[in-house]
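# Geometric and topological summary
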Amino acid sequence: MRAVVTVVGKDKTGIIARVSGLFYEKNINILDISQKLMQNLFTMIALVDMEQSELSLDELTAELEKVGEELNVAIRVLPEESFEV
C-alpha cells in the first residue's frame with residue numbers, strides 16, 4: 001500500500017529527520033518527497049510505500065500522531081487511493 005503523508009507546522013530543526021527516521025525504523029520506503037518553507041511554516045508532502053512494513057495504515061497514523069505531538073506539527077496520512085478519481 002502507498003500513502004500520502006503531510007506535515008505542517010512552525011519551522012524547526014529536525015522535522016524531516018524525525019519523520020523520515022520513523023519511516024526507516026518501520027521499513028517504510030519514501031518514493032517521493034517535497035518540502036518547502038512558506039514564510040515561517042514548514043510544509044512537507046511524502047509519498048511512501050508501506051509494502052515491506054508490518055504496520056497498518058492506522059498504526060502508522062498513530063505513530064505519526066505521536067511524532068506530531070512531540071514536534072508540535074500537524075501530520076496527516078491518507079491512502080494513495082483517496083486521490084484517485
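Values in this document were obtained by computation on a predicted structure and should not be read as measured data.

A few words on the packing of helix α1 (residues 15-25) against helix α2 (residues 57-71). Running from amino to carboxyl end, α1 crosses α2 at an angle of 160°, the nearest separation of the two axes being 11 Å. Overall, the two elements α1 and α2 adopt an arrangement that is roughly antiparallel. Seen from above, α1 lies across α2 with right-handed handedness. Residue-level inspection shows I15, R18, V19, L22 and F23 of α1 in contact with α2, the latter providing L60, E63, L64, V67, E70 and L71. Tallied by class, the residues present in the contact of α1 with α2 amount to eight nonpolar, no polar and three charged.

Looking now at unusual backbone geometry. At N27, a position not held by glycine, the phi torsion is positive, near 60°. You can see N27 is positioned in the loop between α1 and β2 (29-38). Given a relative accessible area of 44%, N27 falls into the partly exposed group. Positive phi values are uncommon outside glycine, yet Q39 reaches one of about 55°. One can find Q39 in the loop between β2 and β3 (41-49). The exposure class of Q39 is exposed, given its relative accessible area of 79%.

What counts and what doesn't
- Residues numbered from 1 in each chain as written.
- Predicted model: local features only at pLDDT ≥ 70, side-chain atom pairs only at ≥ 80, totals over all residues.
- Heavy atoms only, no water.
- Axes fitted to C-alpha atoms, helices over the stretch in contact; angles between N-to-C directions.
- Helix = DSSP H or I, 4+ residues; strand = E, 2+ residues; numbered from the N terminus.
- Parallel < 35°, antiparallel > 145°, perpendicular 65-115°, else oblique.
- Left-handed = near helix turned anticlockwise from the far one by under 90°.
- Contact = heavy atoms within 4.5 Å.
- Nonpolar A, V, L, I, M, F, W, Y, C, P; charged D, E, K, R; others polar.
- Buried < 20%, exposed > 50% of the residue type's maximum accessible area, 1.4 Å probe, protein only.

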